[in-house]
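Each chain is listed here by its residues.
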Amino acid sequence: MTYFSLNKQAPDTTFKDAVIKGLAPDKGLYFPKHITALPKSFFENIDDLSYTEIAFEAIRQFVSPDIPEAILKDIIQDTLNFNFPVVELDKNISTLELFHGPTMAFKDVGARFMARCLGYFNANNTNEVTVLVATSGDTGGAVANGFLGVKGVNVVILYPSGKVSDIQEKQLTTLGQNITALEVDGVFDDCQDMVKRAFLDEELTNKMQLTSANSINVARWLPQLFYFMFAYKQLHNSYDDIVFSIPSGNFGNICAGMMAQQLGLPIKHFVASNNANNVVTTYLNTETYKPKPSVQTISNAMDVGNPSNFIRIQEIYKNDFSKLKENLSSFSFTDDATRLALKEIYETYNYIADPHGAVGYLGCKSYLKNHPDAHCVFLETAHPTKFLDVVEDVIKTTVDLPPQIKAIMHKEKVATSISNYTDLKEFLLK
Ligand SMILES: *Cc1c(COP(=O)(O)O)cnc(C)c1O
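Fair warning: this is a prediction, and the values are worked out from it, not measured in the lab. Residue numbering note: each chain is counted from 1, following its sequence as written. Where totals are concerned, whole chains, interfaces and linings use all residues; where local detail is concerned, this predicted model gives features only for residues with pLDDT of at least 70, and gives and counts side-chain atom pairs only at 80 or more. Side-chain calculation: all heavy atoms of the structure are included, whereas hydrogens and water are not.

## As for the overall build of the chain
Part 1 of the argument: Of regular secondary structure, the chain possesses 20 helices and 14 strands.
Part 2 of the argument: Radius of gyration means the value over C-alpha atoms here, while the globule rule gives 2.2 Å times the residue count to the 0.38 power. Relative to the compact-globule value of 22 Å for 430 residues, the chain shows a C-alpha radius of gyration of 20 Å, a close match.
Part 3 of the argument: Each of the three principal axes of the chain carries a C-alpha extent, and together these read 60 × 50 × 45 Å.
Part 4 of the argument: Under the scheme applied here, a residue whose accessible area is under 20% of the maximum for its type counts as buried, over 50% as exposed, and between as partly exposed, the area being computed with a 1.4 Å probe on protein chains only. Within the chain, buried positions represent 58% of all 430 residues.
Part 5 of the argument: Every residue pair with non-hydrogen atoms within 4.5 Å of one another is taken to be in contact. In the chain, once contacts between residues fewer than 6 apart in sequence are set aside, the share between residues at least 24 apart is 75%.
Part 6 of the argument: Per-residue accessibility takes into account occlusion by the displayed protein chains alone, with areas from the Shrake-Rupley method and a 1.4 Å probe. Roughly 17,800 Å² of accessible area belongs to the chain as shown, and the carbon and sulfur atoms make up 47% of that amount. We count a stretch as a helix when DSSP gives it H or I for four or more residues in a row; a strand needs E for two or more, and each element gets its number in order from the N terminus.

And the structure:
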């Protein structure tokens, strides 16, 4: 697959190069040049295919020829070593649980896939790659876990001191090996700014190969399209009009769903469910796209004021606003509404959601008001115990910690404190 930069000021490149670079030299996001739909028979016979077979067929064109098919099969097998169950709540609403991976966040799949691709590309390379990533919580844990022990790759994670949950901090700081945590005296934006500055610092980039591991990287973004196919496999015999409601922050996950649709997956409609950070909801109502500073909410993984992947969505619809609107609705919800939704889901269905899933649930309810015959699947992007304070406070019951979380709670935190860019640069150069 050839990839081009959406800024159109950089040369086309390969999958391998796009993964290693992360962002194009002109700071644009990479996008595949041609998308070939899968044959109809693939979707008709999906019941006969395993999850790894589905994933292999879906992603093959995007990585070919840089990863040989046998290696790709191994990478997929290794990436998908947990389940993706759909839980039907009633005849109109289901949830797709994406939190059964090692860090209980949906980002595990993308992080594991990218880590294995980079590990393959770097296997015979004496120059190590350094993955530099800023996290407000979930990304860091998924990336740390995904890249743990991958040869030739070092991971450096910046997180804001005192601003991530205890569980999230443990997930970042207790692994050791090729993973280093830097505890930043500041907020998430400070971490993000330092990472951006490092990518632009030629003194650094001449000495080391730096790359990113957020959803701008094609190897972290594209495998997310598997989820939509896995849900379809579980639901298509029961329902015709399947709609997905995706709790969205940087819009990587929903944009991957749109790629699945480009491959021919029969999806009727998408709902982008937002918290108070509602740039896209406003855009669909006004046709004006206006980034703004993010505000803090209880679904904090979606506190994004300028979603990085929205430009990829614009590309999919060739900047045709009415086409986009036909296929995408968006709603924004307050924290109070989200808390009420958590309670309603628990009391009505005896199901415990997390605040992000609850926003997705509200998106389904809004859509279903005018489309009562559709079946809406909201994505559960994190396990409720990752947001224990909010969830237990609302549903007034204690939630058991899953084994993945119990296993790290007693481990000792190891982190290096830094307070500014000079500290970061000194750390990277030593
Ligand atoms: C990252 C994240 C999101 C947002 O996903 P995007 O792909 O950035 O839109 C939603 N929920 C949780 C729990 C997350 O960690």
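## Points about helix 17 (residues 355–370)
Residues separated by three or four positions in an α-helix point in the same direction, a consequence of the helix having 3.6 residues per turn.
Part 1 of the argument: In a helix, the anticipated span is given by 1.5 Å times the number of residues less one. Between the first and last C-alpha of helix 17 there are 24 Å, a value that for 16 residues agrees with the 22 Å anticipated at 1.5 Å per step.
Part 2 of the argument: By the criterion of burial, helix 17 is predominantly enclosed, with 13 of the 16 residues buried.

## Here's the deal with the side chain of N178
Part 1 of the argument: Here N178 lies in the loop between helix 7 (166–173) and strand 8 (179–184).
Part 2 of the argument: We classify N178 as buried; its relative accessible area is 10%.
Part 3 of the argument: For the purposes of these results, a polar contact is taken to be a pair of N or O atoms within 3.5 Å, where, inside protein, one atom must be able to donate a hydrogen and its partner to accept one; residues adjacent in sequence count only when each atom of the pair is a side-chain atom. Polar contacts involving the side chain of N178 include one to the main-chain carbonyl oxygen of V153, which spans 3.0 Å.
Part 4 of the argument: Residue contacts for N178: discarding those within four places in its chain leaves F147, L148, G149, V150, V153, N154 and V155.

## Here's the deal with the site of the ligand
Part 1 of the argument: Taken together, 15 residues are adjacent to the ligand, and K107, G249, N250, F251 and T381 come closest.
Part 2 of the argument: The backbone of N250 places a nitrogen or oxygen atom 2.8 Å from an oxygen atom of the ligand.
Part 3 of the argument: Within the complex, the protein chains bury 97% of what would otherwise be the 380 Å² of accessible surface of the ligand.
Part 4 of the argument: Under the convention adopted here, Pro, Cys and the residues Ala, Val, Leu, Ile, Met, Phe, Trp and Tyr are nonpolar, Asp, Glu, Lys and Arg are charged, and Gly plus all remaining residues are polar. Residue composition of the shell around the ligand, grouped by class: 6 nonpolar, 7 polar and 2 charged. Nearness is defined per residue: one heavy atom within 4 Å of the molecule or strand is enough.

## Considerations on the nonpolar core
Part 1 of the argument: As used in this record, nonpolar core signifies buried Ala, Val, Leu, Ile, Met, Phe, Trp, Tyr and Cys residues forming a set joined through side-chain atoms within 4.5 Å. With 102 residues, the main nonpolar core has F15, F147, L225, F228, M229 and F244 as its most contacted residues.
Part 2 of the argument: Sequence-distant contacts of F147, defined by excluding residues within four places in its chain, comprise A111, M114, A115, L118, V131, V153, V155, N178, I179 and A213.

## Focus on the state of the cysteines
Part 1 of the argument: Note on terminology: pairs of cysteine sulfur atoms within 2.5 Å are recorded as disulfides. Tallying each qualifying case throughout the model produces 1 disulfide.
Part 2 of the argument: One disulfide in the model links C364 with C376; its S-S distance is 2.2 Å. Judged by the sign of its S-S torsion, about -80°, the bond between C364 and C376 is left-handed. Here C376 lies in strand 13 (residues 375–380) and C364 lies in helix 17, a separation of 12 residues in the sequence.
Part 3 of the argument: Here C117 is not cross-linked by a disulfide; its sulfur's nearest cysteine counterpart is in C255, at 18 Å.

## Remarks on the environment of H383
Part 1 of the argument: By the element assignment, H383 lies in the loop between strand 13 and helix 18 (388–395).
Part 2 of the argument: Placed 279 residues apart in sequence, H383 and M104 show a C-alpha to C-alpha distance of 5.6 Å.
Part 3 of the argument: The residues touching H383, leaving out its near neighbours within four places in the chain, are F99, M104, D354 and P402.

## Quick look at the environment of V109
Part 1 of the argument: You can see V109 is positioned in helix 5 (residues 107–121).
Part 2 of the argument: Placed 48 residues apart in sequence, V109 and Q61 show a C-alpha to C-alpha distance of 18 Å.
Part 3 of the argument: Excluding anything up to four places from it in sequence, V109 contacts T79, L80, F82, F84, P223, F226 and Y227.

## Considerations on the pattern of salt bridges
Part 1 of the argument: Whenever Lys or Arg places a side-chain nitrogen within 4 Å of a carboxyl oxygen from Asp or Glu, that contact is recorded as a salt bridge. Taken as a whole and judged by the stated rule, the model has 16 salt bridges.
Part 2 of the argument: Ionic pairing is found between K425 and E203, a salt bridge with its closest N-O pair at 3.0 Å. Remark: E203 occurs in helix 9 (residues 202–205) and K425 occurs in helix 20 (residues 421–429); sequence separation between them is 222 residues.
Part 3 of the argument: We classify E203 as partly exposed; its relative accessible area is 45%.
Part 4 of the argument: Bridged by salt links that share partners, the residues E57, R60 and E69 form one connected network.

## A few points about the sheet that holds strand 3 (residues 30–32)
Strands belonging to one sheet form pairs held by backbone hydrogen bonds; the direction of such a pair is parallel or antiparallel.
Part 1 of the argument: A sheet is described by the order of its strands in space; here 3 strands give the open sequence 2-1-3, paired in antiparallel fashion. The strands lining the two open edges of the sheet, one partner per strand, are strand 2 (13–14) and strand 3.
Part 2 of the argument: Here a strand pair is declared whenever DSSP counts at least two bridges between the two strands. Relative to strand 2, strand 1 (residues 2–5) runs antiparallel, the two sharing 2 bridges. When the sheet's bridge partners are listed, Y3 is paired in strand 2 with T13.

## Regarding the packing of aromatic side chains
Part 1 of the argument: Classification of ring pairs uses Phe, Tyr and Trp, with its six-membered ring standing for Trp, and accepts pairs whose centres are within 6.5 Å; under 30 degrees between planes counts as stacked, over 60 as edge-to-face, and the remaining range as tilted. Counted by the stated rule, this structure contains 20 aromatic pairs.
Part 2 of the argument: Residues F42 and F43 carry aromatic rings whose centres are separated by 4.9 Å and whose planes lie at 90° to one another, so their mutual orientation is edge-to-face.
Part 3 of the argument: Classification of F42 as buried rests on a relative accessible area of 8%.
Part 4 of the argument: Judged by relative accessible area, which is 5%, F43 ranks as buried.

## A look at the packing of helix 3 (residues 51–63) against helix 4 (residues 69–79)
Part 1 of the argument: A fitted line through C-alpha atoms represents every axis, and for helices the fit uses only the stretch in contact; the resulting angles, taken between N-to-C directions, go from 0 to 180 degrees. Contact pair helix 3 / helix 4: the axes reach a minimum separation of 10 Å and the direction vectors enclose 130°. One finds that helix 3 runs oblique with respect to helix 4. As for how helix 3 packs across helix 4, the hand of that crossing is right-handed. Only E69, L72, K73, I76 and Q77 of helix 4 make contact with helix 3, whose side of the interface consists of T52, A55, F56, I59, R60 and V63. Angular relationships are summarised with four words: roughly parallel below 35 degrees, roughly antiparallel beyond 145, roughly perpendicular across 65 to 115, and oblique for the angles in between. Two helices crossing with the near one rotated counterclockwise from the far one by less than a right angle form a left-handed crossing, whereas a clockwise rotation gives a right-handed crossing.

Without other data, these values stay purely geometric and don't point to any function.
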